Amino acid sequence: MMKDVLNDLLLLSTENEVVEFKEAKTQFDRDKLGQYFSAISNEANLKGIASGWIVFGVKDDKTVVGTTISDAQLNDYKNEIAQRTSPRLTFDETARVEVAGKTVILCRVPAAPQGQPVSWKGHYYGRDGESLGALNQREYDSIRDQRTVFDWSAQIIQEATLDDLAQEAILKAREQFKLKNPGIVHEIESWNDEVFLNKAKITIQGKITNAAIILLGKPESQHFISPATTIISWILKDRDNLEKDYQHFSCPLILNVDAVYAKIRNLKFRYLQEGTLFPDEVDQYDPYIIREALNNSIAHQDYTLGGRINIVEKESGELIFSNLGAFIPSSIEAVVEADAPELKYRNHFLAHAMVSLNMIDTIGSGIKRMFVIQKNKFFPLPDYDLSDQKVSVKITGKVVDANYARRLAEMPDLSLHDIMLLDKVAKHKTLSDEEISKLKSKNLIEGRKPNFHISARVAKNTNQKGAYIKLKGIDNDYIKKIILDSIKELGEIKRSELENVLIPKISEGLDISQKKDKIKNCLQKLRNEGVIVSSGKMWRIKS
């Protein structure tokens with residue numbers, strides 16, 4: 001069977017997007033193997049075929065040379081791929097085929113799942129004929145858009161019945177539905193459970209859906225959606241990031257979201273407002289933010305990946321919510337700017353069921369309201385991480401710099417979006433070219449890509465002049481002046497000695513390596529200008 005497969009592959013006129021031959025006589029570079037795996041998996045998806053192939057022991061020209069790669073090596077390759085790909089995949093199978101006394105190994109690469117391009121170490125790869133490169137945007141979007149056709153949450157579980165739903169969860173759902181629809185309360189009370197669940201868009205024509213199990217299912221009903229899971233894990237960590245406590249919660253989530261909420265130790269935070277001696281006392285975490293972040297995790301989790309939702313509470317004053325699945329909108333900034341419902345949802349049916357039960361809304365203001373709440377409390381803005389096919393949001397429950405935050409919020413011409421971008425600058429996050437242009441046009445940042453810092457204007461308005469001076473540091477002309485002054489005074493000097501003097505004066509926005517490069521470049525410019533010369537490790541004035 002596998003020999004026939006190999007013969008068919010060897011008959012190809014050349015390698016293509018889903019077939020790669022590698023000589024690999026004794027081994028093959030793991031990083032390169034992962035890149036090929038990602039590329040072939042994505043291309044197989046795009047071609048609508050089940051798998052592609054990586055073949056060891058065959059040259060590009062299809063000459064069979066054989067390989068001595070062992071089963072142990074193969075297992076290492078498979079484990080490495082499983083650990084570094086997202087979603088986690090590895091070879092469907094590997095097989096050895098003997099050709100004229102030489103061993104050839106066939107590795108079957110599964111096609112990327114519907115709607116989920118496969119990444120290797122966080123990067124997506126593709127193929128153009130035989131060439132390996134980044135998966136282009138059109139191909140990436142083509143795979144992602146497959147999710148809009150299939151809604152896992154709306155799938156019917158034929159063997160499940162109303163008896164597999166928790167009665168107390170159905171009663172809670174009725175209460176919430178009445179709050180959402182106060183004008184028809186008497187009518188709702190006349191509906192039996194089957195009618196109510198259909199009207200609330202939790203079941204379909206009396207049939208139990210995956211969404212129904214998630215929201216209303218008995219704990220023992222979770223097996224109906226396996227390998228998906230409804231588990232939410234709450235984990236408490238101390239100031240040293242060591243785990244102190246944890247608890248897992250399962251369906252029915254309409255009840256257990258309250259149990260999760262109750263586990264979070266929402267302490268009081270006190271700080272002085274400007275112009276008063278009486279402290280303000282606020283919750284570390286606004287209840288709305290907790291519920292919004294938690295319910296968003298439930299609504300947008302990619303349940304096909306089989307992972308759980310995590311809530312990490314840190315005693316240092318942070319809450320981190322994370323769920324699996326790529327963020328469908330283009331960016332958090334785009335969501336806040338639009339302030340409107342998304343056109344696409346991963347779990348359309350589940351999201352609408354949660355809307356009908358008053359758990360979330362679709363008016364598009366939830367995330368924006370989270371940012372506004374944090375801004376008005378002078379707390380750091382929500383910090384989203386959308387990497388590695390996961391959505392994670394960190395909520396900080398304390399003031400980092402009350403004076404700066406207050407004055408920034410009070411600058412009259414700053415929009416919420418401007419403040420969000422300045423927050424990214426403060427957190428040393430990457431800015432897009434469009435974001436850089438916007439901030440520079442308003443004179444809000446200074447510096448060169450990627451090392452930006454707040455402008456003199458912002459520093460002046462927020463009493464951050466000291467921080468501004470540290471971030472701006474001394475410019476190249478002043479560095480050159482210090483170099484020349486030092487050499488004139490001492491006669492000659494080592495670069496390491498100059499670094500000791502100059503590094504503390506250069507912008508704090510640069511790391512040590514970048515600061516050293518800046519000094520090196522200034523020395524080179526002075527030499528090119530014919531001002532100084534080097535002799536060994538020493539620099540002196542050119543005579």
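In the block above lies the structure referred to throughout.
Bear in mind the structure is a predicted one, so any value in this text is a computation, not a measurement.

With that out of the way, let us pick up the overall build of the chain. Scanning the chain from terminus to terminus reveals 21 helices and 21 strands. The burial tally for the chain puts 49% of its 543 residues in the buried class. Contacts spanning at least 24 positions in sequence make up 64% of the contacts within the chain whose residues lie at least 6 apart. Here the chain has roughly 26600 Å² of accessible surface; of this, 48% comes from carbon and sulfur atoms.

Taken in spatial order, the six strands of this open sheet run E10-E9-E13-E14-E16-E15, and their pairing is mixed. Each edge of the open sheet is held by one strand with a lone partner, namely strand E10 (243–249) and strand E15 (383–385). Taking each pair of neighbouring strands and ignoring which way they run, the sheet shows an average axis angle of 15 degrees. Bridging between strand E9 (residues 232–237) and E10 involves six bridges; their strand directions are antiparallel.

This brings us to the pairing of strand E1 (residues 19–22). By the alternation rule, side chains of E1 split into Val 19 and Phe 21 and Glu 20 and Lys 22, which are all buried. As paired strands, E1 and strand E2 (residues 51–56) are joined by four bridges and run parallel to one another. In the strand pairing of E2, Lys 22 is matched with Phe 56. What joins E1 to E2 is helix H2 (residues 30–47), and the crossover it makes is right-handed.

What follows is about the packing of helix H10 (residues 287–300) against helix H13 (residues 366–376). One can describe the packing of H10 onto H13 by two numbers: an axis separation of 10 Å at closest approach and a directional angle of 150 degrees. As far as their axial angle goes, H13 and H10 are roughly antiparallel. Crossing hand, H10 versus H13: left-handed. Two secondary-structure elements touch here, H10 through Tyr 288, Ile 289, Glu 292, Ala 293 and Asn 296 and H13 through Gly 366, Ile 367, Arg 369, Met 370, Ile 373 and Gln 374. For the contact of H10 with H13, a count of residues per class yields six nonpolar, three polar and two charged.

In a structure, side chains of opposite charge can pair up when their charged atoms sit close to one another. Evaluated as defined, the whole model comprises 22 salt bridges. Of the charged contacts in the structure, one is a salt bridge between Glu 80 and Arg 30, with a shortest N-O distance of 3.9 Å. Taken together, the positions of Glu 80 in helix H3 (residues 71–84) and Arg 30 in helix H2 put the pair 50 residues apart, joining distant regions of the chain. Overall, Glu 80 belongs to the partly exposed group, its relative accessible area being 21%. Judged by its relative accessible area of 36%, Arg 30 falls in the partly exposed class. Between Glu 529 and Lys 480 there is a salt bridge, with the nearest N and O atoms lying 3.3 Å from each other. Here Lys 480 lies in helix H19 (residues 476–490) and Glu 529 lies in the loop between helix H21 (512–528) and strand E20 (532–535), a separation of 49 residues in the sequence. According to the relative accessible area criterion, Lys 480 is buried, its value standing at 14%.

Within the secondary structure layout, Asn 210 lies in helix H8 (residues 210–216). Given a relative accessible area of 6%, Asn 210 falls into the buried group. Sequence separation between Asn 210 and Ala 160 is 50 residues, and the spatial gap between their C-alpha atoms is 9.8 Å. Sequence-distant contacts of Asn 210, that is, excluding residues within four places in its chain, are made with Trp 152, Ser 153, Gln 155, Ile 157 and Ile 225.

Conventions used here
- Residues numbered from 1 in each chain as written.
- Predicted model: local features only at pLDDT ≥ 70, side-chain atom pairs only at ≥ 80, totals over all residues.
- Heavy atoms only, no water.
- Helix = DSSP H or I, 4+ residues; strand = E, 2+ residues; numbered from the N terminus.
- Buried < 20%, exposed > 50% of the residue type's maximum accessible area, 1.4 Å probe, protein only.
- Contact = heavy atoms within 4.5 Å.
- Areas by Shrake-Rupley, 256 points an atom, 1.4 Å probe, with all protein chains shown as cover.
- Pairing = 2+ DSSP bridges.
- Axes fitted to C-alpha atoms, helices over the stretch in contact; angles between N-to-C directions.
- Right-handed = clockwise from strand over helix to strand, strands pointing away.
- Parallel < 35°, antiparallel > 145°, perpendicular 65-115°, else oblique.
- Left-handed = near helix turned anticlockwise from the far one by under 90°.
- Nonpolar A, V, L, I, M, F, W, Y, C, P; charged D, E, K, R; others polar.
- Salt bridge = Lys/Arg side-chain N within 4 Å of Asp/Glu carboxyl O.

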